[in-house]
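# Chains, contacts and geometry: an overview
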Amino acid sequence: MSNIENITASITGILADILDLDPAQITPETYVVRDLRAESIDLLEIGVAMQHRLDMEVDDDTLFLKNMRQVLARAAKAGKAPEEAMAAEYPHLDRARIAEILADHEAGPVIKVRDLAAYAADRAGEAED
């Protein structure tokens, strides 16, 4: 199993525990808020659990894209491409995922399980440097 698969499995376990769900219901493409109905308090618990179980520092604002609308508004005001602003603010997201988020963000909270795993993998890479 690859590192990202191990991280995804750990995050799936965290989500299942906190949200009292069957882990089989959770895939990398599952939306954390839209599909799993996580609420603000759940997001806090998820961040803390990731910090402890994955032994990493967690910035909730970055992990859950909490400031995304402000990032996009600042980019628009500065005449900067939204993709570039998102890539600078959320380096754990690849360009394809950023494009998906930009196309989908009007439908509601965009964070997926795979985004949490990408964040954790990125943080693990920083810890190894």
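Calculation notes
Residues numbered from 1 in each chain as written. Predicted model: local features only at pLDDT ≥ 70, side-chain atom pairs only at ≥ 80, totals over all residues. Heavy atoms only, no water. Salt bridge = Lys/Arg side-chain N within 4 Å of Asp/Glu carboxyl O. Helix = DSSP H or I, 4+ residues; strand = E, 2+ residues; numbered from the N terminus. Contact = heavy atoms within 4.5 Å. Phe/Tyr/Trp six-rings, centres within 6.5 Å; stacked < 30°, edge-to-face > 60°. Lys NZ or Arg CZ within 6 Å of the ring centre and 35° of its normal.

### Observations concerning the pattern of salt bridges
- Under the definition given, this model contains 10 salt bridges.
- One salt bridge connects D104 with R34, and the closest N-O pair in it is separated by 2.9 Å. In this pair, D104 is assigned in helix α6 (residues 95-104) and R34 in the loop between α1 (3-19) and α2 (40-53), connecting sequence segments 70 residues apart.
- In this structure, R114 engages E100 in a salt bridge whose closest nitrogen and oxygen atoms are separated by 2.5 Å. Of this pair, R114 sits in helix α7 (residues 113-128) while E100 is found in helix α6, placing the two residues 14 residues apart along the sequence.

### Quick notes on the environment of A85
- Along the chain, the position of A85 falls in helix α5 (residues 82-89).
- Look past the residues within four positions of A85 in its chain and what remains in contact with it is V71, A75 and K80.

### So, the packing of aromatic side chains
- One pass over the structure, following the stated rule, counts zero aromatic pairs.
- Directly above the ring of Y31 sits R34, whose terminal nitrogen or CZ lies 4.1 Å from the centroid.
- Cation over ring: K112 sits above Y31, and NZ or CZ is 5.0 Å from the ring centre.

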